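# Understanding the architecture of this molecule
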Amino acid sequence: QVQLVESGGGLVQAGGSLRLSCAASGRTFSSFAMGWFRQASGKEREFVAAISWSGNTYYADSVKGRFTISRDRAKNTVYLQMTSLKPEDTAVYFCANKRAQSGSSWFGLPYDYWGQGTQVTVSS
């Protein structure tokens with residue numbers, strides 16, 4: 001089992017920045033990749049960014065150049081640095097853990113464990 005706890009969400013004005021954190025505990029040594037997803041009200045959950053255990057990263061086109069995913073292995077924590085935020089970035093952000101390579105891409109679904117999410121609201 002892997003437990004994931006997100007933090008760092010909040011209310012920010014357009015153009016501002018936030019850093020989300022995802023603290024992992026449990027069987028984290030078996031992780032293949034960590035990802036961030038988001039779900040806006042009334043919309044489906046969508047992929048945002050992912051980082052593999054070897055350090056490869058991948059981003060959705062909508063956040064490329066504005067968001068940066070990183071990790072601190074010693075702290076078992078993954079971060080999502082978000083800059084130049086836009087109102088359309090408003091959503092609940094979830095981190096997720098993938099135990100082994102699966103699916104059509106290393107960064108895509110399916111993921112095995114999910115956090116509870118943290119709300120990010122960007123005002124115009």
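Residues numbered from 1 in each chain as written. Predicted model: local features only at pLDDT ≥ 70, side-chain atom pairs only at ≥ 80, totals over all residues. Heavy atoms only, no water.

So, about the overall build of the protein chain. The secondary structure content of the protein chain amounts to 0 helices and 11 strands. Mapped in sequence order, the helices and strands of the protein chain form the string β-β-β-β-β-β-β-β-β-β-β. Taken over the C-alpha trace, the protein chain has a radius of gyration of 13 Å; the compact-globule value for 124 residues is 14 Å, and the two agree within 12%. For the protein chain, the C-alpha atoms occupy an extent of roughly 40 × 30 × 25 Å along the three principal directions. The 124 residues of the protein chain split such that 44% are buried. For the protein chain, long-range pairs separated by at least 24 residues make up 56% of all intrachain contacts whose partners lie at least 6 apart in sequence. Carbon and sulfur atoms form 48% of the exposed surface of the protein chain, whose accessible area is close to 6300 Å². If you average the places of the 13 positive and of the 8 negative side-chain charges in the protein chain, the two averages end up 7 Å apart. (Helix = DSSP H or I, 4+ residues; strand = E, 2+ residues; numbered from the N terminus. Rg over C-alpha atoms; globule rule 2.2 N^0.38 Å. Buried < 20%, exposed > 50% of the residue type's maximum accessible area, 1.4 Å probe, protein only. Contact = heavy atoms within 4.5 Å. Areas by Shrake-Rupley, 256 points an atom, 1.4 Å probe, with all protein chains shown as cover. Lys, Arg positive; Asp, Glu negative; His and termini not counted. Charge placed at Lys NZ, Arg CZ, Asp CG, Glu CD.)

So, on to the state of the cysteines. Counted under the stated rule, the structure contains 1 disulfide. Each sulfur of the disulfide joining Cys22 and Cys95 lies 2.0 Å from the other. When the S-S torsion is 55 degrees, as for the bridge of Cys22 with Cys95, the disulfide is right-handed. Pair noted here: Cys22 is in strand β3 (residues 18–26) and Cys95 is in strand β9 (residues 91–98), with a separation of 73 residues, a long-range link. (Disulfide = S-S within 2.5 Å.)

Moving on: the nonpolar core. If you look at the biggest cluster of nonpolar residues, it comprises 35 residues, and the most contacted ones within it are Trp36, Leu80, Met82 and Tyr93. No other element matches strand β5 (residues 46–52), which puts 5 residues into this core. (Core = buried A, V, L, I, M, F, W, Y, C linked by side-chain atoms within 4.5 Å.)

For the rest of this paragraph, the subject is unusual backbone geometry. Residues Leu109 and Pro110 are joined by a peptide bond in cis, for which omega reads 10 degrees. Relative to the assigned elements, Pro110 resides in the loop between β9 and β10 (113–114). For Asn76, which is not glycine, the phi dihedral falls at a positive 50 degrees. As for its position among the elements, Asn76 is in the loop between β7 (67–72) and β8 (77–82).

Attention now moves to the environment of Ser84. As for its position among the elements, Ser84 is in the loop between β8 and β9. As a C-alpha pair, Ser84 and Ser17 span 67 residues in sequence and 6.3 Å in three-dimensional space. The residues contacting Ser84, other than those within four sequence positions of it, are Gly15, Gly16, Ser17, Arg66 and Asp89.

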